[in-house]
Amino acid sequence: MDANQLWGRRLKQARLAAGLSQKSLGITAGIDPFVASTRINRYELGVHKPDLLTASNLAKTLGVPLAFFYAEEDDMADLIYRYSKADAQAKAQVVQLLAASPGLAE
């Protein structure tokens, strides 16, 4: 699966979880109502990928982190999503758990 198809699959997953139609998602994210459904359909099929501003608007509309769309692995996308929804205590526990793992050099 190429990057555009993966991005589109994640968009569709988030859209369906939010209970939105392609048209309503597009309009709410600021896409012209005349082409909203078609554009979201093309994104979901992996034919096109939105620019960063549009992707950010879609993420905000769907209540998911922008990084969710770009994660290369499904497990990572799921972790990004779950972390974004966790409370402060759970986030602190995750950070503490992973602090012992190798990180990027500063």
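Parameters at a glance
Residues numbered from 1 in each chain as written. Predicted model: local features only at pLDDT ≥ 70, side-chain atom pairs only at ≥ 80, totals over all residues. Heavy atoms only, no water. Helix = DSSP H or I, 4+ residues; strand = E, 2+ residues; numbered from the N terminus. Buried < 20%, exposed > 50% of the residue type's maximum accessible area, 1.4 Å probe, protein only. Areas by Shrake-Rupley, 256 points an atom, 1.4 Å probe, with all protein chains shown as cover. Lys, Arg positive; Asp, Glu negative; His and termini not counted. Charge placed at Lys NZ, Arg CZ, Asp CG, Glu CD. Core = buried A, V, L, I, M, F, W, Y, C linked by side-chain atoms within 4.5 Å. Polar contact = N/O pair within 3.5 Å; in protein donor to acceptor, adjacent residues only side chain to side chain. Contact = heavy atoms within 4.5 Å. Phe/Tyr/Trp six-rings, centres within 6.5 Å; stacked < 30°, edge-to-face > 60°. Lys NZ or Arg CZ within 6 Å of the ring centre and 35° of its normal. Patch = residues over 30% accessible without salt bridge, like charges linked within 9 Å, V, L, I, M, F, W, Y side chains within 5 Å. Salt bridge = Lys/Arg side-chain N within 4 Å of Asp/Glu carboxyl O.

**A closer look at the overall build of the chain**
In step 1: When you go through the chain residue by residue, the secondary structure sums to seven helices and zero strands.
In step 2: If you list the helices and strands of the chain from N to C, you get α-α-α-α-α-α-α.
In step 3: Considering only C-alpha atoms, the chain reaches an extent of 50 × 30 × 25 Å along its principal axes.
In step 4: Counting the 106 residues in the chain, one finds 28% classified as buried.
In step 5: Accessible surface for the chain amounts to roughly 7,100 Å². Of this, 56% is attributable to carbon and sulfur atoms.
In step 6: Charged side chains of the chain number 12 positive and 11 negative; the gap between the two group centres comes to 9 Å.

**So, the nonpolar core**
In step 1: With 19 residues, the main nonpolar core has Leu 11, Leu 58 and Phe 69 as its most contacted residues.
In step 2: Secondary-structure elements contributing two or more residues to this core are helix H1 (3-18), helix H3 (36-45), helix H4 (52-62), helix H5 (66-70) and helix H6 (74-85).

**As for the side chain of Arg 15**
In step 1: Tracing the backbone through its elements, the reader meets Arg 15 in helix H1.
In step 2: Within the structure, Arg 15 has its side chain in polar contact with the backbone oxygen of Leu 20 (distance 2.9 Å).
In step 3: Among all residues touching Arg 15, those that are not within four sequence positions of it are Leu 20, Ser 21, Gln 22, Leu 25, Ile 40, Glu 44 and Leu 62.

**Notes on the packing of aromatic side chains**
In step 1: According to the stated counting rule, one finds five aromatic pairs in the structure shown.
In step 2: Summarising the aromatic geometry, the rings of Trp 7 and Tyr 43 are spaced 6.5 Å apart at their centres and angled 75° between planes, so their arrangement reads as edge-to-face. Placement of Trp 7 in helix H1 and of Tyr 43 in helix H3 is noted, with a sequence separation of 36 residues between them.
In step 3: With relative accessibility at 5%, the residue Tyr 43 sits in the buried group.
In step 4: What links up through ring pairs into an aromatic cluster is the set Trp 7, Tyr 43, Phe 68, Phe 69, Tyr 70 and Tyr 81.
In step 5: Note that Lys 91 overlies the ring of Tyr 83, its terminal NZ or CZ placed 5.2 Å from the centroid.

**Structural notes on a nonpolar patch on the surface**
In step 1: A cluster of nonpolar residues, Tyr 83, Val 94, Val 95, Leu 97 and Leu 98, forms a patch on the protein surface that exposes about 470 Å² of accessible area.
In step 2: For the nonpolar patch, the element with the most residues is helix H7 (residues 88-99), which contributes four residues.
In step 3: Tracing the backbone through its elements, the reader meets Tyr 83 in helix H6.
In step 4: Since its relative accessible area comes to 35%, Tyr 83 is described here as partly exposed.

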